[in-house]
Amino acid sequence: MRASGILMPVFSLPGPYGIGTLGDEAFAFVDFLAAAKQTYWQILPIGPTGYGDSPYQSFSAFAGNPYFIDFRLLAADGLLTEAELPAPQPVGPVDYGALYQQRPVVLHKAADRLLASPTPAYEAFCEAQSGWLEDYALFMAVKAEQGQAGLADWPDDLRTREPAALAAAKERLAAEVDYYKAVQFFFYTQWNALKTYANSHGIQLVGDIPIYVSPDSSDLWTHPELFQTDGAVHLTSVAGCPPDAFAADGQLWGNPLYDWPRHEAEDFRWWKRRIKHATSIYDVVRIDHFRGFESYYSIPAGNKTAAGGHWEKGPDRAFIDAMHKALGEGGIIAEDLGYLTPEVKAMLAASGYPGMKIMQFAFDSREPGNYLPYTYPRNSVVYTGTHDNVTAEGWRQSASAEDVAYACRYLRCAPEDLTEAMICACLSCVSEMAVIPLADWLHLDAEARINTPSTQGANWQWRLTRPLTPALSAHIAELTALYHRVPGEEL
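Parameters at a glance
All residue numbers refer to positions counted from 1 along the written sequence of the respective chain. Given that this is a predicted model, residues contribute local features only at a pLDDT of at least 70 and side-chain atom pairs are listed and counted only at 80 or more, while totals for whole chains, interfaces and linings are drawn from all residues. The side-chain quantities take in all heavy atoms of the structure and omit both hydrogens and water. Any Lys or Arg side-chain nitrogen found within 4 Å of a carboxyl oxygen on Asp or Glu counts as a salt bridge. Relative accessibility thresholds used throughout: buried, under 20% of the residue-type maximum; exposed, over 50%; partly exposed, between the two (1.4 Å probe, protein chains only). Strands are runs of DSSP state E lasting at least two residues, helices are runs of H or I lasting at least four, and both sets are numbered from the N terminus onward. Pairs of cysteine sulfur atoms within 2.5 Å are identified as disulfides in what follows. To qualify as a nonpolar core, a set must consist of buried Ala, Val, Leu, Ile, Met, Phe, Trp, Tyr and Cys residues joined through side-chain atoms within 4.5 Å. The contact definition used throughout considers only heavy atoms, calling two residues in contact when any of these lie within 4.5 Å. Pairs of strands are assigned from DSSP output, requiring at least two bridges between the strands.

(A) Expanded view of the pattern of salt bridges. Applying the stated criterion across every chain yields a total of 19 salt bridges. The salt bridge involving Asp267 is made with Lys272; its shortest N-O contact spans 2.8 Å. The class of Asp267 is partly exposed, set by a relative accessible area of 44%. Among the ionic pairs, Lys313 bridges to Glu294, the shortest N-O distance being 2.6 Å. Highlighted residues: Lys313 in strand E8 (residues 310-313) and Glu294 in the loop between strand E6 (284-287) and strand E7 (295-300), separated in sequence by 19 residues. The class of Lys313 is partly exposed, set by a relative accessible area of 48%.

(B) The state of the cysteines, seen in detail. Throughout the structure, instances matching the rule amount to zero disulfides. This cysteine, Cys408, is not joined by any disulfide, and Cys413 carries the nearest cysteine sulfur, 4.2 Å off. Taking relative accessible area as the criterion, Cys408 reaches 9% and is therefore assigned buried. Its sulfur unpaired, Cys429 is 6.2 Å from the next cysteine sulfur, which belongs to Cys426.

(C) Quick peek at the nonpolar core. If you look at the biggest cluster of nonpolar residues, it comprises 160 residues, and the most contacted ones within it are Trp41, Phe186, Trp191 and Trp271. Sequence-distant contacts of Phe186, that is, excluding residues within four places in its chain, are made with Ile69, Leu74, Leu79, Leu107, Ala110, Ala111 and Leu114.

(D) Fine view of unusual backbone geometry. At Lys37, a residue that is not glycine, the phi angle is positive and equals roughly 60°. Within the secondary structure layout, Lys37 lies in the loop between helix H1 (24-35) and strand E2 (40-42). The phi dihedral of Gln148 is positive, around 65°, even though this residue is not glycine.

(E) Layout of helix H12 (residues 317-327). Taken together, the buried positions of H12 are occupied by Phe319, Ile320, Ala322, Met323 and His324. Lining the buried residues of H12 we find helix H10 (260-265), helix H11 (269-281) and helix H13 (342-351). Once H12 ends, the next one or two residues include Gly328, with phi positive near 85°.

(F) Structural context of the pairing of strand E11 (residues 380-383). Covered by surrounding structure in E11 are Ser380 and Val382 together with Val381 and Tyr383, the residues of both alternating faces. Of the strand pairs in this sheet, strand E10 (residues 355-358) and E11 are connected by four bridges, and their pairing is parallel. When the sheet's bridge partners are listed, Ile358 is paired in E11 with Tyr383. Both E11 and strand E12 (residues 433-437) contribute to a ladder of three bridges, which runs parallel. Within E12, the position partnered with Tyr383 by the bridge is Val435.

What follows is the structure in C-alpha cells.
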C-alpha cells in the first residue's frame, strides 16, 4: 500500500503549558492529518527526557514523558481544580528548565487526589505494567533523593542494588514511588485515548525507539548484567559513531553497550519485552541505528571523543530471528542510515523491514552513499529529511552552491522551488511510504531544525507557532492524491 505521513514531534505541538500536549492540540493535529489524507503520524521517542533534554536519552525505555500530560484533562477527571491550572503561556521554544521546576508541583496535586482513592483503572494499570513500573518509579525516587545525580554517582550500595539498601529505599521513599507510578498512569491514560482517536480517523502512529538506553536509566540500574559493565554498574565501553565527513571526531553518545552474548543466551527476553511494549503503544515502530544489531562501534569508557573506538560484531540474524518469532515480520521501520557494509545490507534484507531514504542526502556531496530517487527499492520509507537534518529550506540556504545547483538540475526546478520539488520527489518515488516533516510542508528555514547531532544547548526546542490552515491540508491532500498515496485510491 502506497501511503504518506507527516513527521511531527509531540513536544513541537502548540500546547498551552510550554511544550506539546496529549490534549486538544494533539487531537486537532489528528484532524489535520485526516483532512490532508495522510495515513501516518511519525513522532520522536516519548520517554522522559534526561541528559541534554534528548528524547534519545531517556530515564526509561518503557515510561512516558510527564511533560506531555495535559493538565486540562486531569481537571476534567476531577484530579485538579480550575484554580490549580497554570496560566496559559505564549507558544515559543521549549524551556526544559522551567518545565522541570513547574510540572511536578501540579502533578503532585493530581497524584495525591488519585492515590487518596485509587481507581480500578489505576490498579489495573499498575498490574499490567508491573514488569517495569515499580523499578522505574523507585529509580526516579532515589534519583530525586540523590539531588538528581546520575546513576554513576549514586552511593555504591544503591547503585549496585544491595538488598538491604534497596529494601530501605523502598520503605523510605514509598510515597514518592507511588507518585511516579501515578504520573505514568496519567500519561498512558491520555496517550491511549489519543491513539484510539487517531486510529479511528485512519491515522497510524509511527513511534521511535533508540537502539540504546541511557547510562542514567532504570533499565541499566535494574539489569546491569545485560550491558558491558565492570560488575559495579560502571560502564566499560560506550556507544557512538566513528568520524566521517559530517563529524570529524565522530559522535560520542555515551550509552551503555549491550552484552549481546548474555542477551542471546536469554533468547533476547529483554528486547522482546521492549519491542512488545513499543508495538502496544504505537502502530509502527522505527528502530534507531538498526545497523548496530549487525555490528556496533565501541568506544572505551572515559574517552573524550569517538575517534578511538572500534567495531564489534553484534547479534545479527539471531536477533532478527528472535524478533520474527515474537512479533511476526511487519510493523518495523529500520533506520539504516550511516556506514553500511554488505553485512548490514544482508541483515536488513533478511529482516524484511523497510529501510530509510533521505532526499537531502541524494544531493549532498559529503554523503558517500547513493540516495538518488531512482535507486530506492519499493520496500523503503523516504523522507526529505529527518529530525537530525536541517529543514529542506534550510538545506537550500546552507548547502554548497554546487550541491544546490545539482539538486535543481536533477529535480528540474528553480532554487526558490526546491523544497516543494523535494517533497514531490518523495511522494512520486517508488517507496511504499513517504514521510515529510511538517516544517518542510510549511517551508520553514533552519530555525525549525529539531536537532543538530554532536551539539548541545539548542536542540529539541522547536515548536509550531503558526496555525495549520485548511489551505495547507488541501494542498497536502492534493499532492498525496496526485501521487496515488491515498489508501483505497491507488492505481
